[in-house]
Amino acid sequence: EYTFGAIGWLDVGADGRIYVLDSQAQHVAVFSAGGRYERTIGGPGAGPGKIGRGAVFVCLAAGDTLLVPDLANRRVDRYTASGTVLPSAPLHLEAGVPFIWRSAGSGIVVVQVRPIPRAASTPAQARDALVRVAPSGATAGTLLTFPSGGSLRLAGEAPEFRLYAPEPAWAIGGDGTLYEGVNSEYRIGVYARGGRLQRVITRPFSRKPVTETDRQTMLSFLMRSWRDAGTTPEVLERLRSVVRFGDYLPAYTALQAGPDGMLWVPHLQPASQLSAAEQESYNPLEDAGGRDWDVFDRDGRYLGGVTMPARFTPRVFRGDRIYGVWRNDVGVPYVMRVVIEKR
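Treat the numbers as computed from the prediction; the structure is a model and nothing was measured.

Rules of the game
- Residues numbered from 1 in each chain as written.
- Predicted model: local features only at pLDDT ≥ 70, side-chain atom pairs only at ≥ 80, totals over all residues.
- Heavy atoms only, no water.
- Patch = residues over 30% accessible without salt bridge, like charges linked within 9 Å, V, L, I, M, F, W, Y side chains within 5 Å.
- Areas by Shrake-Rupley, 256 points an atom, 1.4 Å probe, with all protein chains shown as cover.
- Salt bridge = Lys/Arg side-chain N within 4 Å of Asp/Glu carboxyl O.
- Helix = DSSP H or I, 4+ residues; strand = E, 2+ residues; numbered from the N terminus.
- Buried < 20%, exposed > 50% of the residue type's maximum accessible area, 1.4 Å probe, protein only.
- Phe/Tyr/Trp six-rings, centres within 6.5 Å; stacked < 30°, edge-to-face > 60°.
- Lys NZ or Arg CZ within 6 Å of the ring centre and 35° of its normal.
- Core = buried A, V, L, I, M, F, W, Y, C linked by side-chain atoms within 4.5 Å.
- Pairing = 2+ DSSP bridges.
- Axes fitted to C-alpha atoms, helices over the stretch in contact; angles between N-to-C directions.
- Contact = heavy atoms within 4.5 Å.
- Parallel < 35°, antiparallel > 145°, perpendicular 65-115°, else oblique.
- Left-handed = near helix turned anticlockwise from the far one by under 90°.

## Regarding a nonpolar patch on the surface
Next, step 1: Nonpolar side chains collect at one region of the surface, where Val330, Val332 and Tyr334 lie side by side and expose about 280 Å² of accessible area between them.
Next, step 2: Position of valine 330 among the secondary structure elements: in the loop between strand E25 (321-327) and strand E26 (333-339).
Next, step 3: For valine 330, a relative accessible area of 66% translates into the label exposed.

## Examining the packing of aromatic side chains
Next, step 1: The final tally for this structure, using the stated rule, is 12 aromatic pairs.
Next, step 2: Ring centres 6.0 Å apart and planes at 65° place the aromatic pair phenylalanine 4 and phenylalanine 31 in the edge-to-face group. Of the two residues, phenylalanine 4 sits in the segment before strand E1 (7-12) while phenylalanine 31 sits in strand E3 (residues 27-31), which places them 27 residues apart along the sequence. In this structure, phenylalanine 4 and phenylalanine 31 share a single accessibility class: buried.
Next, step 3: Here a set of aromatic residues connected by ring pairs shows up, and it is made of Tyr2, Phe4, Phe31 and Tyr37.
Next, step 4: Sitting over the face of the ring of tyrosine 302, arginine 203 holds its NZ or CZ atom 3.8 Å from the ring centroid.
Next, step 5: Sitting above the plane of the tyrosine 248 ring, arginine 207 keeps its charged end 3.9 Å from the centroid.

## Some details on the pattern of salt bridges
Next, step 1: A complete count under the given rule lists 14 salt bridges for this structure.
Next, step 2: For arginine 301, the salt bridge identified is with aspartate 297, shortest N-O distance 3.0 Å.
Next, step 3: The exposure class assigned to arginine 301 is exposed, which follows from its relative accessible area of 52%.
Next, step 4: Counted as one network, the salt bridges with shared partners bring together Asp15, Arg17, Arg36, Glu38 and Arg39.

## As for the nonpolar core
Next, step 1: The biggest cluster of nonpolar side chains holds 27 residues, and the ones touching the most others in it are Val20, Trp101 and Val109.
Next, step 2: Within the residue set of this core, elements represented by two or more residues are E1, strand E2 (18-22), E3, strand E5 (59-61), strand E10 (109-114), strand E11 (127-133) and E25.
Next, step 3: Tallying contributions element by element places E1 first for this core, with 4 residues.
Next, step 4: Residues Leu219, Leu236, Phe245 and Ala271 belong to the second largest nonpolar core, which totals 19 residues.

## Quick notes on the sheet that holds strand E9 (residues 97-103)
Next, step 1: Pairing within the open sheet is antiparallel, and its 4 strands lie in the order E9-E10-E11-E12. Two strands lie at the open edges of the sheet, namely E9 and strand E12 (139-147), each paired on one side alone. On average, adjacent strands in this sheet sit at an angle of 25° to one another, irrespective of strand direction.
Next, step 2: Inspection of the sheet shows E11 paired to E12 by 6 bridges, in the antiparallel sense. Pairing of valine 133 across the sheet is with threonine 139, part of E12.

## Some words on the environment of proline 69
Next, step 1: By the element assignment, proline 69 lies in strand E6 (residues 65-70).
Next, step 2: Apart from residues lying up to four places away in sequence, proline 69 is in contact with Ala55, Phe57, Arg75, Val76 and Trp101.

## Side note on the packing of helix H1 (residues 212-228) against helix H2 (residues 233-241)
Next, step 1: Viewed as axis vectors pointing N to C, H1 and H2 meet at an angle of 150°, and their least axial separation amounts to 11 Å. Of the possible angle classes, the one that applies to H1 and H2 is roughly antiparallel. Two packed elements cross with a definite hand, and for H1 against H2 that hand is right-handed. Between H1, through Leu219, Met223, Trp226 and Arg227, and H2, the contact on the second element is made entirely by Leu236, Leu239 and Arg240.

## Here we look at unusual backbone geometry
Next, step 1: For glutamine 26, which is not a glycine, the phi torsion comes out positive at approximately 60°.
Next, step 2: Of note, glutamine 26 is situated in the loop between E2 and E3.
Next, step 3: Given a relative accessible area of 11%, glutamine 26 falls into the buried group.
Next, step 4: Despite not being glycine, arginine 74 shows a phi value in the positive range, around 55°.
Next, step 5: Note on placement: arginine 74 falls in the loop between E6 and strand E7 (75-80).
Next, step 6: Assessed through its relative accessible area of 45%, arginine 74 is described here as partly exposed.

Next comes the structure, spelled out in structure tokens:
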């Protein structure tokens, strides 16, 4: 019960319980605030209460309703915090692909939806939407829209990947404050409820070109992942042919809403700065964000930098606790909680 195949996402309840989505096992493992195993929710399959392949996110909505976006089964799987199966909600993909889900720890759940381009549209016309999700799994209104990123295009017979292309990043605070910026520059907007821009946070940033080492390390990771997933050699070659790269490294990799209205921004960890051994096991989902983070207060003032523990990737901030994935020196994943000490 304490072993994970591949930790997708996790969330934390008001009572401190920890809900961990194991993408490989296709279930949610539940632990007490002290880390004691309590139960397993879901399991692989397509029937009621089961979770399809490829599920990554788990979010705790209002009323302690657990939501698991399930693209394979085209639905949002729903459970009570105790594990009772609730009626699922359909995922309507006509408006776009819901691909990043976040919860704010206050019952607010938001999903980023990327539209599927029409034949007559251009990438510059595409706009992603941040959409609130109700405990029922249904959408409950658009909070913000912004230009779509260039990392993934969904037009045509096959997706096109353009790694290191400018991509929007966002976070949501417990009070509903939204943070959003495009990672090609260090410029982050802070939006109040209703989408009103309150301020813009900036920091000096010098663009650095993508190196050949960066390209080869990222490509090696993708090929390794697709091969491990059972992709045939013929399909591997087709996938390799649709991978492209941007020209410059991003300014940051993600955004996190911290305690007291703080904003936490991780620096990028370029693959070219890793050792040869680290490049062999490089996983951009876990390793792209460096250990160094910038921290801003609720008024946008820069407070300073924080260095995270080695091999630790934060997932969610809850009060003065950070919950994330820590991997030991052979890559075995653990859930780890660290405390923010405010002085």
